[in-house]
Amino acid sequence: GDSVTQTEGLVTLTKGLPVMLNCTYQTTYSPFLFWYVQHLNEAPKLLLKSSTDNKRTEHQGFYATLHKSSSSFHLQKSSVQLSDSALYFCALSVQGTGSKLSFGKGAKLTVSP
Amino acid sequence: AQTIHQWPVAEIKAVGSPLSLGCTIKGKSSPNLYWYWQATGGTLQQLFYSITVGQVESVVQLNLSASRPKDDQFILSTEKLLLSHSGFYLCAWSSGTENTEVFFGKGSRLTVV
């Protein structure tokens, strides 16, 4: 079946450092990948999305490139801020599933001063 | 603009008692509707989805049921709560177009004691 793997459970960084959160997926169909961010006690919100191979997508300083050859959609930012502390989920949707999202386990990013 | 309202915001319920959670979506006709469950700090597990009034598909079996009595309303319920039902319940919607963004409500936090 379709699945998403996120390897980092907890990531702790000092403000100003770069971050990369890994996301790999498995599906036999054409994939749509999403990154959602969830701040404490809030609903998840869409951060990035892509279905185009090898095209970088950016939003709010975060960026990701879908690489179908390696089934990856890693999230990056060059300089994290305190406000970036949150849960980050990678999600996969495939054609024919009516927007059924398969979420990864999530990565908790904590940014310290 | 579309809005999604969930109720109640939080509940503390006894094991074995009934439960009803609801959400209403305004400003969007015929949305796809979803119920997600999230353990504290955990991933998002899709429970149910509905593409039209009166039709609900179950994704996982958790001794819960869902109904869509109106185009803009989605109800999650059970007659007997278990301790394992504790968590964060999120209602979400998307347009009828596949692989589009899913928008989440602010959630209902349930504690079963």
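If you're wondering where the values come from, they're calculated on a predicted model, not measured in any experiment.

Peer 1: Quick question: what am I supposed to make of the overall build of chain B here?
Peer 2: If you tally the helices and strands in chain B, you get 0 helices and 11 strands. Starting at the N terminus and walking to the C terminus, you meet the elements of chain B as β-β-β-β-β-β-β-β-β-β-β. For chain B, the proportion of its 113 residues judged to be buried stands at 47%. The contacts in chain B between residues at least 6 apart in sequence include a share of 54% that link residues at least 24 apart.

Peer 1: So what exactly am I meant to see when it comes to the side chain of A:S102 here?
Peer 2: Relative to the helices and strands, A:S102 is located in strand β11 (residues 102–103). Non-local contacts of A:S102, meaning those with residues more than four positions away in its chain, are made with A:D2, A:V4, A:C90, A:A91 and A:L92.

Peer 1: Hey, could you run me through the sheet that holds strand β3 (residues 19–21) of chain A in this one?
Peer 2: For sheets, the rule is that strands pair by backbone hydrogen bonds, running either parallel or antiparallel. Residue and element names in this part refer to chain A. Strand order in this open sheet of 4 strands is β3-β9-β8-β7, and the pairing throughout is antiparallel. One side of each edge strand has no neighbouring strand; the edge strands of this open sheet are β3 and β7 (56–59). Between one strand axis and the next, the sheet turns by 20° as a mean value, whatever way the strands run. Bridge count between β7 and strand β8 (residues 62–65): 4 bridges; the pairing is antiparallel.

Peer 1: What's the story with the side chain of B:Q6 in this structure? I'm lost.
Peer 2: All names here are of chain B. Inspection of the secondary structure assignment puts Q6 in strand β1 (residues 3–7). Judged by relative accessible area, Q6 falls into the buried class, the value being 6%. Looking at Q6, its side chain comes within polar contact range of the main-chain nitrogen of G107, at 2.9 Å. Setting aside residues no more than four positions away along its own chain, Q6 makes contact with G22, C23, W35, Y89, L90, C91, G105, K106, G107 and S108.

Peer 1: Mind showing me how you'd approach the interface of chain A and chain B here?
Peer 2: Contact with chain A, which involves 23 residues of that partner, is made by 23 residues of chain B. Of the roughly 1800 Å² buried where chain A meets chain B, counting both sides, 52% is carbon and sulfur surface. Taken together, chain A and chain B are joined by 0 salt bridges. At the junction of chain A and chain B, the tally comes to 3 residue pairs in polar contact (both at pLDDT 80 or more). Counting only elements with at least two residues in the side of chain A that touches chain B, the list comes to β5 (31–38) and β10 (86–94) of chain A. Here the side of chain A that touches chain B is composed, by residue class, of 11 nonpolar, 9 polar and 3 charged.

What counts and what doesn't
- Note on numbering: residues in each chain are counted from 1, in written sequence order.
- To read the labels, note that chains go from A and ligands from 1, taken in the order they are written.
- Only residues with pLDDT of at least 70 are given local features in this predicted model, and only at 80 or more are side-chain atom pairs given and counted; all residues enter the totals for whole chains, interfaces and linings.
- Hydrogen atoms and water are omitted, and side-chain values are computed over all heavy atoms in the structure.
- Secondary structure elements are taken from DSSP: a helix is a run of H or I of four residues or more, a strand is a run of E of two residues or more, and numbering for both begins at the N terminus.
- Each residue gets one of three labels from its accessible area relative to the maximum for its type: buried under 20%, exposed over 50%, partly exposed in between, using a 1.4 Å probe on protein chains only.
- Residue contacts are counted whenever heavy atoms from the two residues lie within 4.5 Å of one another.
- Strands pair, by our definition, only if DSSP identifies at least two bridges between them.
- Fitted lines through C-alpha atoms give the axes, limited to the stretch in contact for helices. The angle between two N-to-C directions lies from 0 to 180 degrees.
- Pairs of N or O atoms are called polar contacts if they sit within 3.5 Å, as long as, within protein, a hydrogen donor faces a hydrogen acceptor (for residues adjacent in sequence, only side-chain-to-side-chain pairs).
- In this description, buried area is defined as the sum, over both parts, of the accessible area (probe of 1.4 Å) that is lost when the two are combined.
- Whenever Lys or Arg places a side-chain nitrogen within 4 Å of a carboxyl oxygen from Asp or Glu, that contact is recorded as a salt bridge.
- Only Asp, Glu, Lys and Arg are considered charged, only Ala, Val, Leu, Ile, Met, Phe, Trp, Tyr, Cys and Pro nonpolar, and every remaining residue, Gly among them, polar.

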